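Residue-level structural notes
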Amino acid sequence: MSGVVRTVEGDVLPGELGVVDAHDHLFFRSPLLVGQELDDAGLARQELAAFAAVGGGTVVQWTPYGLGRRAEELPALAAATGVRVVAATGMHQSAHYAPELLASRATDLAEVFVRELTVGIADSGVRAGLIKVAGGFHALDAHARWTMRAAAEAHHATGAPIAVHHELGTAALDVLDLLCGELAVPARRVILGHLNRSPDFVTQKEAARSGAYLAFDGPSRANHATDWRMPDAMAALAEAGYADRLLLGGDTTTAGARSVSGGPGMPHLLRRVRPRLVEALGKDTVERVLVGNPAEAFAVEWA
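Scope of this entry: the structure provided in the associated data block. (Residues numbered from 1 in each chain as written. Predicted model: local features only at pLDDT ≥ 70, side-chain atom pairs only at ≥ 80, totals over all residues. Heavy atoms only, no water.)

1. Here's the deal with unusual backbone geometry
Positive phi outside glycine occurs at H138, with the angle close to 60°. On the secondary structure map, H138 appears in the loop between β7 (130–134) and α5 (142–158). With a phi angle near 70°, H194 is a residue other than glycine that sits in the positive phi range. Here H194 lies in the loop between β9 (190–192) and α7 (201–209). (Helix = DSSP H or I, 4+ residues; strand = E, 2+ residues; numbered from the N terminus.)

2. Section: the side chain of T58
Assignment of secondary structure puts T58 in strand β4 (residues 56–61). The class of T58 is buried, set by a relative accessible area of 1%. A polar side-chain atom of T58 sits 2.7 Å from the main-chain carbonyl oxygen of L17. (Buried < 20%, exposed > 50% of the residue type's maximum accessible area, 1.4 Å probe, protein only. Polar contact = N/O pair within 3.5 Å; in protein donor to acceptor, adjacent residues only side chain to side chain.)

3. Quick notes on the pattern of salt bridges
As enumerated under the stated definition, the model contains eleven salt bridges in all. Ionic pairing is found between R69 and E116, a salt bridge with its closest N-O pair at 2.7 Å. Of this pair, R69 sits in the loop between β4 and α2 (74–81) while E116 sits in helix α4 (residues 109–118), placing them 47 residues apart in sequence. For the residue pair R69 and E116, the accessibility class agrees, reading buried in each case. Its salt-bridge partner being R105, residue D108 comes within 2.7 Å of it at the nearest N-O pair. The class for R105 is buried, based on a relative accessible area of 17%. What you see here is one network of salt bridges that share partners, running through R6, D11 and R127. (Salt bridge = Lys/Arg side-chain N within 4 Å of Asp/Glu carboxyl O.)

4. Let's talk about the environment of S30
Position of S30 relative to the elements: it lies in the loop between β3 (19–24) and α1 (41–53). Sequence separation of S30 and A144 is 114 residues, and the distance between their C-alpha atoms is 17 Å. For S30, the side chain forms a polar contact with the main-chain nitrogen of L32, separated by 3.0 Å.

5. Points about the side chain of T7
Here T7 is to be found in strand β1 (residues 5–7). On the basis of relative accessible area, T7 is assigned to the buried category, the value being 3%. Excluding residues that lie within four positions of it along the chain, T7 makes contacts with V12, R84, V85, V86 and R127. (Contact = heavy atoms within 4.5 Å.)

6. Side note on the sheet that holds strand β5 (residues 84–86)
The strands making up a sheet associate through backbone hydrogen bonding, with each pair oriented either parallel or antiparallel. What the three strands build is an open sheet, ordered β3-β4-β5; its pairing is parallel. Each end of this open sheet is capped by a strand with a single partner; those strands are β3 and β5. In this sheet, neighbouring strand axes are inclined to one another by 20° on average, regardless of whether the strands run parallel or antiparallel. (Pairing = 2+ DSSP bridges. Axes fitted to C-alpha atoms, helices over the stretch in contact; angles between N-to-C directions.)

7. Brief notes about the packing of helix α9 (residues 267–281) against helix α10 (residues 283–297)
A pair of packed helices can be characterised by two numbers: the angle between their axes and the separation between those axes. In contact at an axis separation of 7 Å, α9 and α10 are set at 130° when each is read in the N-to-C sense. By the criterion of interaxial angle, the relationship of α9 to α10 is oblique. Here α9 runs over α10; the crossing is right-handed. Within the contact between the two elements, α9 uses L270, R274, L277, V278 and L281 and α10 uses K283, T285, V286 and L290. Its residues placed into classes, the contact of α9 with α10 shows six nonpolar, one polar and two charged. (Parallel < 35°, antiparallel > 145°, perpendicular 65-115°, else oblique. Left-handed = near helix turned anticlockwise from the far one by under 90°. Nonpolar A, V, L, I, M, F, W, Y, C, P; charged D, E, K, R; others polar.)

8. What about the sheet that holds β9?
The six strands lie next to each other as β6-β7-β8-β9-β10-β11, forming an open sheet whose pairing is parallel. Looking at strand neighbours, the two that pair on one side only are β6 (88–90) and β11 (246–249), the edges of this open sheet. Averaged over all neighbouring strand pairs, the angle between strand axes comes to 30°, with direction disregarded. Sheet topology places β9 next to strand β10 (residues 213–217); two bridges connect them, and they run parallel. In the sheet register, I191 faces β10, and the bridge partner there is Y213. Contacts from helix α8 (residues 230–242) reach β10 and β11 within the one sheet, and its direction differs from that of β10 by about 160°. Each of β9, β10 and β11 touches α10; the most contacted strand, β11, lies at about 105° to it.

What follows is the structure in structure tokens.
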């Protein structure tokens, strides 16, 4: 395995990540989630410690530009808990931003991504280790295409992986057509998020066949209608020969979803989801999903 993973404390070898929550959030602030912000550093530290207590080694935070990443606080949280943290650059759907902020980035978005990957986020000195962008429901609007073009440009300049939010798990093949077809990003550098939210096994297999990673994330969301289908979906992909394309994450996006605030949170992945997946996929495959696959997905030969 070549390359290194860019964590908030510096670059590390892929084999040092341990068990990985491949998609989650320590901090997240959006006008769409007023009153549910993840903005308490003390609770973030407790959540990381709770994840470490059940065997967690690394958390990949997909919070992108402009949504309250608090990058300057991430190294201290990682050091205090022993959990490695990978931060993101990138941009979410337009609904998460004020129009004036989007307008201010109209001509230099790719430059912002590259700077945050190679120099640091704002003046924190903390470098991002991935680019996060987002599609829409069964479609890619002009904003999504703009941000994905910027992400592809930043990938070609740095080698960074691109992680994609799919609204309710849809539009994965459209994303692949754009990023990997038109924009020439290698599929192995693309992580397709939330595919558990649209349990279409045919589309999932086609996406996996491309060589992209499929992130099954979001079991921390209470009452999610498709959670019970996730083990079957992952088992079907593994049986079809795509066990090496699978990632697992929690995607804790609201304050009430944290384990230290009464929700399932990050520990739920290892306390409850992992045993259920072992039944469906077997222990060795689950180990690969939690350890081997993310080590490969987030390792980069940085340009």
